[in-house]
Amino acid sequence: MMSSLTASALARLLGAWNLGAAPAYRELADVVRLLVLDGRVALDTALPSERALAEALAVSRTTVTAAYGLLRDQGFLSSGQGSRSRTRIPRAATAGTTMSRGPLPNTPDSGGLAAAGLAPGLAAPGLAAPPGLIDLAYSSLPASGELVHRAFAAALTELPALLPGFGYDAMGLLPLREAVAARYTAAGVPTAADQVLVTSGAQHALNIVLRALAGRHDRVLVEHPSYPNALDAIRAAGCRAVPVAFAAPVAGKREGRATVAWDMPGLQAALAQQRPRLAYVVPDFHNPTGQLMPDLQRRQLVKAAAAAGTTLVVDETLRELNLDGAATTPVAAFSPAVVTIGTLSKSHWGGLRTGWIRASRDMIQRFAAARTSLDLGGPVMEQLAAAHLVRAMDEPLPARLAALRENRAALLELLAGHLPEWETLYPSGGLSAWCRLPAPISTALTVIAPDFGIRLAAGPRFGIGGAFERYLRVPFTLPPGKLETAVLALRSAQDRLDAAPQLRRSLKSAPTVAIA
């Protein structure tokens, strides 16, 4: 079943659209087009009939007919005779998306970076930025050094006792599973060790879940924007992502603290209409927006997923990075059917490559069976060290959170000072800020960024079908000095585009870069 919008739902998204600065039909078309480009109205969504929308907006049907006609002429609507108009993006506008199905750069079939059109300083997925570039495509921290070293030193003393065994364990080492289970239990989600499967990071965990629970052409609901590597995994599994946009930004009580909320009516409608196999969500300091879902919406989401027969997959990768100390309940506390993904990659170090899945016992057995087609278990040494780190999870967090708060404050001040036309959401946690640009220049900025010493991830990487060309994720994982250098580079890059509009129009395809 295709998604659709009722007249009242579209009217709510349109907000105060009729400003009187242009003919009403043109203003209506402009706002609908922006909703599509910003990902707030998903692609291939059926819009309400002309009559229904005219009644909801209290305008003439002629106004709506003209607006829809303009959108069709611009390539943002398509419809057949007798059918409702469906949203789309013109082919030229989708060039910035990196959801390509061709060979990746520097693979045997690709012909290398030059053949793929990669500019100097840009790299294929999984490759670090070249020396000398400040990497803003990665939103991750260096290791919590002494603690990680101490954990591996302890693991080295424990390793000899395990050497007589085979070393394979699809479930993961028991001490680590017990430590993870104890962590969930302490958070109000009673968990036993046999409800935990150890994985090689959160991305590995999601791939296992997709392999076990979703088949080709199954629908997977996602937030829009969402984490690029998750979108890639869903596509690679042959599934169809069903995007649901966030609600409109809301100004905070303090200046510079605009936030967005999950569009719960939109999520509920998508679940009821589409009945997706899975729903992948990041309610804790959502990547890339940094927003936190309140408990009421968590309950509502769990209830809606259950009613639709959808398995809710909750990514808690960033839950520990709670910068403002807001209290929320783990989603799994509201239903035993919830599947939770966790990792040490963001809180401790990406190089650990240790994560887990928390679910019911029966579900964990399904995941363990599906896992064996991917690998037979994780590295023993890393799991021994990870057990120590999970048991001491709170030890490094105060210092890391304090540093991140300082970095966040520095970034928001720098953006406000040097790029005042950018609209930045206030991230209450996590590692990055989500910025709305003054024009659809995200791809163009990404292409020329290496000329100014930085590497970026274009906004369309966080969406589907070319959305988010007006957005950019900017991490605050670097110290204030480097953040200042990066923001000044962004200012210079935008100045070049502002001075050469023809350059902006010609740079429509951003190479795929590694994102974390």
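Each value, and the rule that gives it
Residues numbered from 1 in each chain as written. Predicted model: local features only at pLDDT ≥ 70, side-chain atom pairs only at ≥ 80, totals over all residues. Heavy atoms only, no water. Helix = DSSP H or I, 4+ residues; strand = E, 2+ residues; numbered from the N terminus. Buried < 20%, exposed > 50% of the residue type's maximum accessible area, 1.4 Å probe, protein only. Expected span 1.5 Å × (residues − 1). Pairing = 2+ DSSP bridges. Axes fitted to C-alpha atoms, helices over the stretch in contact; angles between N-to-C directions. Contact = heavy atoms within 4.5 Å. pLDDT = per-residue confidence, 0-100. Salt bridge = Lys/Arg side-chain N within 4 Å of Asp/Glu carboxyl O.

A. Summary view of unusual backbone geometry. The omega torsion across histidine 224 and proline 225 is 15°, close enough to zero to call that bond cis. Turning to its location among the elements, proline 225 is positioned in the loop between strand S5 (219–224) and helix H9 (228–236). The phi dihedral of histidine 217 is positive, around 75°, even though this residue is not glycine. Tracing the backbone shows histidine 217 in the loop between helix H8 (202–213) and S5. Residue histidine 217 is classed as exposed on the basis of its relative accessible area of 65%. The backbone phi angle of phenylalanine 468 is positive, close to 75°, even though this residue is not glycine. Looking at the element boundaries, phenylalanine 468 is found in the loop between strand S13 (454–455) and strand S14 (471–475). Among the residues examined, phenylalanine 468 registers a relative accessible area of 2% and is labelled buried.

B. Geometry of helix H16 (residues 480–499). Spanning 20 residues, H16 covers 28 Å between terminal C-alpha atoms, matching the ideal 28 Å at 1.5 Å per step. Of the positions making up H16, those classed as buried are Leu483, Ala486, Val487, Ala489, Leu490, Arg491, Ala493, Gln494 and Leu497.

C. View of the sheet that holds strand S10 (residues 355–358). Strand order in this open sheet of seven strands is S4-S10-S9-S8-S7-S5-S6, and the pairing throughout is mixed. Taken across any chain shown, the strands that pair with only one partner, and hence form the sheet edges, are strand S4 (196–199) and strand S6 (240–245). Sheet twist, expressed as the mean angle between neighbouring strand axes with direction ignored, is 20°. When S5 meets strand S7 (residues 278–281), the two strands line up parallel, connected through three bridges. Considered in S7, the bridge of valine 222 is made with tyrosine 280. Across the sheet, helix H7 (residues 174–186) is in contact with S4, strand S9 (339–343) and S10; its angle to S4 comes to roughly 120°.

D. Quick peek at the pairing of S14. The buried fraction of S14 is high, at five of five residues. Side chains Tyr471, Arg473 and Pro475 of S14 all project onto a buried face; the interleaved residues Leu472 and Val474 project onto the opposite face, where all are buried too. The pairing of strand S12 (residues 432–436) with S14 spans five bridges and is classified as antiparallel. Residue cysteine 435 lies in a different strand from S14, and its bridge partner there is leucine 472.

E. Here's a closer look at the confidence of the model for the protein. Of the residues in the protein, 88% reach a pLDDT of 70 or more, and the chain-wide mean stands at 87. In the model, residues 92–126 has pLDDT below 50 throughout and makes 70 contacts with residues more than four positions away in sequence or in other chains.

F. Molecular detail of the environment of leucine 43. When you line up the elements, leucine 43 lands in the loop between helix H2 (24–37) and helix H3 (50–57). Each C-alpha atom of the pair leucine 43 and arginine 88 lies 5.2 Å from the other, and the pair is 45 residues apart in sequence. Residues in contact with leucine 43, not counting those within four places in the same chain, are Val36, Thr87, Arg88, Ile89, Ile464 and Gly465.

G. Examining the sheet that holds S12 more closely. Pairing within the open sheet is antiparallel, and its three strands lie in the order S11-S12-S14. Looking along the sheet, the strands with just one partner apiece sit at the ends: strand S11 (423–424) and S14.

H. Region of interest: the pattern of salt bridges. Evaluation of the coordinates by the stated rule reveals 22 salt bridges. Linking aspartate 44 and arginine 240 is a salt bridge whose minimum nitrogen-to-oxygen distance equals 3.9 Å. With aspartate 44 in the loop between H2 and H3 and arginine 240 in strand S6, this residue pair connects regions lying 196 residues apart in the sequence. With relative accessibility at 27%, the residue aspartate 44 sits in the partly exposed group. Taking the shortest distance from any N to any O, the salt bridge between arginine 319 and aspartate 284 comes out at 2.7 Å. One end of the pair, arginine 319, is in the loop between strand S8 (311–315) and S9; the other, aspartate 284, is in the loop between S7 and helix H11 (295–308), with 35 residues separating them in the sequence. Connected via shared salt-bridge partners are Asp284, Asp295, Arg298 and Arg319.

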